[in-house]
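Inside the fold
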2 protein chains.
Amino acid sequence: MRTALDCVPCLVRQSLDASRMVSADPGVHEQMVREMLGWLADADLRDSPPRMGQRLHQRLREVSGVADAYREAKDLHNALAASLLPDLRARVEAAEDPFDLAVRLAIAGNVIDLGVRGRVSGDEVRGSIEQALSEPVTGPIDELRDAVRSARDILYLADNCGEIVLDRLLIEQLPAGRVTVAVRGAPILNDATMADARAIGLTDIAAVIDNGSDAPGTILDDCSPAFQRRFAESDLVIAKGQGNFESLSDAPRTVFILFKVKCGVVAAHIGEPEGSHVVARSGA
Amino acid sequence: MRTALDCVPCLVRQSLDASRMVSADPGVHEQMVREMLGWLADADLRDSPPRMGQRLHQRLREVSGVADAYREAKDLHNALAASLLPDLRARVEAAEDPFDLAVRLAIAGNVIDLGVRGRVSGDEVRGSIEQALSEPVTGPIDELRDAVRSARDILYLADNCGEIVLDRLLIEQLPAGRVTVAVRGAPILNDATMADARAIGLTDIAAVIDNGSDAPGTILDDCSPAFQRRFAESDLVIAKGQGNFESLSDAPRTVFILFKVKCGVVAAHIGEPEGSHVVARSGA
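My aim in this report is to walk through the structure given alongside it, one point at a time. From a predicted model like this one, the values you see are computed outputs, not experimental measurements.

**Quick look at the overall build of chain A**
From N to C terminus, chain A includes twelve helices and six strands. Relative to its length of 284 residues, chain A is compact, with a C-alpha radius of gyration of 18 Å against a globular reference of 19 Å. The dimensions of chain A, computed from C-alpha atoms along their principal axes, are 55 × 40 × 35 Å. Here the contacts in chain A between residues at least 6 apart in sequence split such that 71% fall between residues at least 24 apart. Element-wise, carbon and sulfur atoms account for 49% of the exposed surface of chain A, whose accessible area totals about 11,000 Å². Across chain A, 31 positive and 43 negative side-chain charges occur, with their mean positions spaced 2 Å apart.

As structure tokens, this is what we get:
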């Protein structure tokens, strides 16, 4: 998905939010906003929004010297989601259709996204979960169910901290021994990395790899050759989050992308209202 | 008031909204957004937001060849407000404190602002009027009342179309023969010009001048020498609208600015919540 003109003011706003997250110095905030404006003035809008976000955060790390500014927020979100997990797992196990409920909860977890807004509260996470329990999921969930049944190996692209804890519920519904989870290759926003996969015990129930990239999405040509091979060769790829949608909507293979629609540009792109819980089937 | 970093994404968004107002060509939209990004990357943020808006709209007129893109919207807003006028005038005349009610209604009219958002509906105008009738106006309204009583000549800086119709209610409460109304010197956004003052009959009840500038505010050094003299020499200056607040908050004389607070930056600046109806006493 290319960057829309409507994404541009949002990216400028993100540069301000993110600079305030890594530094208390107004001079740094102004420098980052001005750099973002300068980049965007000449940017190739065929690049996806996550590419823009990646450049912003790479530069922020250079300027601030802070490698992982969202560490505290990430720990907080992992702990918040972990506190909800036992009850939610019991609900999944008791559900008439555990797969369906696990899909819903994995999508609900996608509310924990610090790219779209600067803060996410516990109440918002709980509200998103309640919404997920009652509202329909749009998209080919039965096609996904069939694909899961017939796949020998499944690649699951994780998204954010906190969210990755709720992903466990869905991963537990996938055939044991056939799932590899991929996390980001380095810290970016509140996206989950290998440290988070270990911290929340995901490494105990599935193989976990990193994608070699620090983009807040999956920009294939920025990922490691090993990841690219896995991406091409897996029977089924499931991806989480709007950043993965933005970067994989034109992927060279089928990808099922589970996410919450968080802005008007993506809403218009897929023809579903903002706030929708969606399973999108993208790519070739 | 200088341009805050938080104004920057909003100005980028305004450039997109405004370009869509003057042209259906996505190429023009992209050109205008890129030009705005380029300007802002190197802009002197000590300039006020109306200066940025002025530059944007000057360039839009050059690119599009459209001198007065908001003409239709302006006629619509003037007509909408005119349809409300007889009832509102009757309410003012019957009010226990007609001056107070006229101030409230003049501020309520300031909801008609196409700079902050792309569209304003009749329902929003009516809602703003209802709000004005019930909610308190913050600020030194009694000081304004005293200043009106003792002033031999009053300069009233108008703001937007539609709004200028409701201004009549307040102008009718000012001492007859002592009021000069100033409108913008050329079309900018939905701001009122001499054509509007004539169309709504304002020229029948007060002297009307233009300020010689096409900024969506009152940037003194961009105004005509004649206007600058009037501004300096009048006993009392009353200004309407957030654009006038942004450009006159550091004016070299006292100005009473009546407006509705429409964004977080101005809200933080004056310490009142967004949506507040305010009389601000600015300047020396």
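Next comes the rest of the description.
**Details of the packing of helix α5 (residues 98–108) of chain A against helix α6 (residues 122–134) of chain A**
Residues and elements named next belong to chain A. Between α5 and α6, the least distance of the axes is 9 Å, while the angle of their chain directions is 150°. Crossing hand, α5 versus α6: right-handed. Packed against α5, whose contacting residues are Leu101, Arg104, Leu105 and Ala108, the element α6 presents Ser128, Ile129, Ala132, Leu133 and Ser134 at the interface. Of the residues contributing to the contact of α5 with α6, the split by class is six nonpolar, two polar and one charged.

**A few points about the pairing of strand β5 (residues 255–260) of chain B**
All names here are of chain B. Within β5, six of the six residues are buried, which leaves it mostly tucked inside the rest of the structure. Sheet topology note: the strand β4 (residues 236–240)/β5 ladder contains three bridges and is parallel. Within the sheet, the bridge partner assigned to Ile238 lies in β5 and is Phe256. Each parallel crossover has a hand, and for β4 linked through helix α11 (residues 242–248) to β5 it is right-handed.

**Focus: the interface of chain A and chain B**
How large an interface is tends to be reported as the accessible area lost when its parts come together. The interface is formed by 21 residues belonging to chain A together with 20 residues belonging to chain B. Summed over both partners, the interface of chain A with chain B buries about 1,600 Å², with 66% contributed by carbon and sulfur atoms. In terms of surface lost to chain B, no three residues of chain A exceed A:Leu5, A:Arg34 and A:Leu37, which account for 36% of the buried area on that side. Summed over the shared surface of chain A and chain B, the number is two salt bridges.

**Details of the packing of aromatic side chains**
Going through the model one piece at a time under the given rule, you end up with four aromatic pairs over all chains. On the basis of an interplanar angle of 25° and a centroid distance of 4.9 Å, the ring pair of A:Phe245 and A:Phe259 is categorised as stacked. Of this pair, A:Phe245 sits in helix α11 (residues 242–248) while A:Phe259 is found in strand β5 (residues 255–260), placing the two residues 14 residues apart along the sequence. By relative accessible area, which is 3% here, A:Phe245 ends up buried. Above the plane of the ring of B:Trp39 lies B:Arg55, whose end atom (NZ or CZ) is 5.0 Å from the centre.

**Regarding the sheet that holds strand β2 (residues 179–183) of chain A**
Residue and element names in this part refer to chain A. Taken together, six strands build an open sheet; the order of strands is β3-β2-β1-β4-β5-β6 and the sheet is mixed. Each edge of the open sheet is held by one strand with a lone partner, namely β3 (207–210) and β6 (277–282). Going across the sheet, the axis of each strand differs from the next one's by a mean of 20°, ignoring polarity. Two elements, β2 and β3, share four bridges in a ladder whose sense is parallel.

**Here's the deal with the sheet that holds strand β6 (residues 277–282) of chain B**
All names here are of chain B. Strand order across the open sheet formed by six strands is β3-β2-β1-β4-β5-β6, with mixed pairing between neighbours. The strands lining the two open edges of the sheet, one partner per strand, are β3 (207–210) and β6. Geometrically, the sheet is characterised by an average inter-axis angle of 20° between neighbouring strands, direction not taken into account. The strands touched by helix α5 (residues 98–108) within the sheet are β1 (154–157), β4, β5 and β6, with β6 carrying the most contacts at an inclination of about 100°.

**Structural notes on α6(A)**
Residue and element names in this part refer to chain A. When the terminal C-alpha atoms of α6 are compared, their 19 Å separation across 13 residues agrees well with the 18 Å that a helix rising 1.5 Å per residue should span. Along α6, the residues that are buried comprise Gly122, Val125, Ser128, Ile129 and Ala132. The buried side chains of α6 occupy one side of the element, clustering within an arc of 125° when seen end-on. In α6, those exposed residues whose orientation departs by more than 90 degrees from the buried face are Asp123 and Ser134.

**Considerations on the environment of A:Gly122**
Residues and elements named next belong to chain A. The topology assignment puts Gly122 in helix α6. For Gly122, a relative accessible area of 18% puts it in the buried group. Distance in space between the C-alpha atoms of Gly122 and Ile112 is 9.4 Å, their sequence separation being ten residues.

**Some words on the relation of the copies chain A and chain B**
Superposition of chain A onto chain B requires a rotation of 180° combined with a translation of 0.0 Å along the rotation axis, giving an RMSD of 0.0 Å. Both copies are brought into coincidence by an operation consistent with a two-fold rotation axis. The residues that chain A uses at the interface reappear at the interface of chain B in 95% of cases, marking a shared surface.

**Quick look at the pattern of salt bridges**
Enumeration according to the criterion identifies 54 salt bridges over all chains in this entry. We note a salt bridge from A:Arg168 to A:Glu172, for which the minimum N-O separation is 3.7 Å. Of the residues examined, A:Arg168 reaches a relative accessible area of 14% and is grouped as buried. Across the pair B:Arg59 and B:Glu62 runs a salt bridge, and its minimum N-O distance is 2.7 Å. With a gap of three residues between them, B:Arg59 and B:Glu62 both fall in helix α3 (residues 49–64), about one helical turn apart. Within the structure, one salt-bridge network assembled from shared partners comprises A:Asp68, A:Arg71, A:Lys74, A:Asp75 and A:Asp196.

So, how was this worked out
Residues numbered from 1 in each chain as written. Chains lettered and ligands numbered in written order. Predicted model: local features only at pLDDT ≥ 70, side-chain atom pairs only at ≥ 80, totals over all residues. Heavy atoms only, no water. Helix = DSSP H or I, 4+ residues; strand = E, 2+ residues; numbered from the N terminus. Rg over C-alpha atoms; globule rule 2.2 N^0.38 Å. Contact = heavy atoms within 4.5 Å. Areas by Shrake-Rupley, 256 points an atom, 1.4 Å probe, with all protein chains shown as cover. Lys, Arg positive; Asp, Glu negative; His and termini not counted. Charge placed at Lys NZ, Arg CZ, Asp CG, Glu CD. Axes fitted to C-alpha atoms, helices over the stretch in contact; angles between N-to-C directions. Left-handed = near helix turned anticlockwise from the far one by under 90°. Nonpolar A, V, L, I, M, F, W, Y, C, P; charged D, E, K, R; others polar. Buried < 20%, exposed > 50% of the residue type's maximum accessible area, 1.4 Å probe, protein only. Pairing = 2+ DSSP bridges. Right-handed = clockwise from strand over helix to strand, strands pointing away. Buried area = accessible area lost by both parts, 1.4 Å probe. Salt bridge = Lys/Arg side-chain N within 4 Å of Asp/Glu carboxyl O. Phe/Tyr/Trp six-rings, centres within 6.5 Å; stacked < 30°, edge-to-face > 60°. Lys NZ or Arg CZ within 6 Å of the ring centre and 35° of its normal. Expected span 1.5 Å × (residues − 1). Arc of directions from axis to C-beta. Least-squares fit on C-alpha atoms with pLDDT ≥ 70 in both.

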